[in-house]
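# Reading the structure
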Amino acid sequence: FRDAKGHKLPAAWFRDLPRHLRNPQAVILDETHKEGPALLLIYDAPGDAKKLVVRVNYRVKKAGEMNIVETGQTVDMEGVASGIGKGYTLLEGGL
């Protein structure tokens, strides 16, 4: 797991990561990065939406393939919504 460059989530939020992984508001397939596709798990909170980037079958040197939560950060929901159809595909839930 690596820190987001900006808009970091508080450590307390990550302590509940298993609960958060089970209950995203939306799941989006992100095909905009050269590293390959990723799942964006979106969590809406009053005034502060959150995003986790999850990579499935991600190849890690000396460890092989694994599923990882790569980053977590706050996001602008309008910005996320504007990416639908432009590299983002809404798989489940709503924005």
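Heads up: the structure comes first, above all this text.
Below is a summary of the structure that appears in this document.

What counts as what
Residues numbered from 1 in each chain as written. Predicted model: local features only at pLDDT ≥ 70, side-chain atom pairs only at ≥ 80, totals over all residues. Heavy atoms only, no water. Helix = DSSP H or I, 4+ residues; strand = E, 2+ residues; numbered from the N terminus. Buried < 20%, exposed > 50% of the residue type's maximum accessible area, 1.4 Å probe, protein only. Lys, Arg positive; Asp, Glu negative; His and termini not counted. Salt bridge = Lys/Arg side-chain N within 4 Å of Asp/Glu carboxyl O. Polar contact = N/O pair within 3.5 Å; in protein donor to acceptor, adjacent residues only side chain to side chain. Contact = heavy atoms within 4.5 Å. Phe/Tyr/Trp six-rings, centres within 6.5 Å; stacked < 30°, edge-to-face > 60°.

## A word on the side chain of Asp30
- Along the chain, Asp30 falls in strand 1 (residues 26–30).
- Look at Asp30: it is buried, it has no salt bridge, and the nearest opposite charge is Lys51 at 6.0 Å.
- Among the polar contacts listed, one links the side chain of Asp30 to the side chain of Thr32, at a separation of 2.5 Å.
- With residues up to four places along the chain from it excluded, the contact list for Asp30 reads Gly36, Pro37, Ala38, Leu40, Gly87 and Tyr88.

## Overview of the pattern of salt bridges
- The tally for this structure, following the rule as stated, stands at two salt bridges.
- Arg55 is the salt-bridge partner of Glu70, the closest N and O atoms lying 3.0 Å from each other. Pair noted here: Glu70 is in strand 4 (residues 64–75) and Arg55 is in strand 3 (residues 49–60), with a separation of 15 residues, a long-range link. For the pair Glu70 and Arg55, a shared accessibility class is recorded, and that class is buried.

## What to know about the packing of aromatic side chains
- A complete count under the given rule lists two aromatic pairs for this structure.
- For the pair Trp13 and Phe14, a centre-to-centre distance of 5.7 Å together with 90 degrees between the ring planes defines the contact as edge-to-face.
- A relative accessible area of 22% places Phe14 in the partly exposed class.
- Considering the side-chain rings of Trp13 and Tyr43, the 5.3 Å spacing of their centres and the 75 degrees angle between planes classify their relative orientation as edge-to-face. In this pair, Trp13 sits in helix 1 (residues 11–15) while Tyr43 sits in strand 2 (residues 38–43), placing the two residues 30 residues apart along the sequence.
- On the basis of relative accessible area, Trp13 is assigned to the buried category, the value being 11%.

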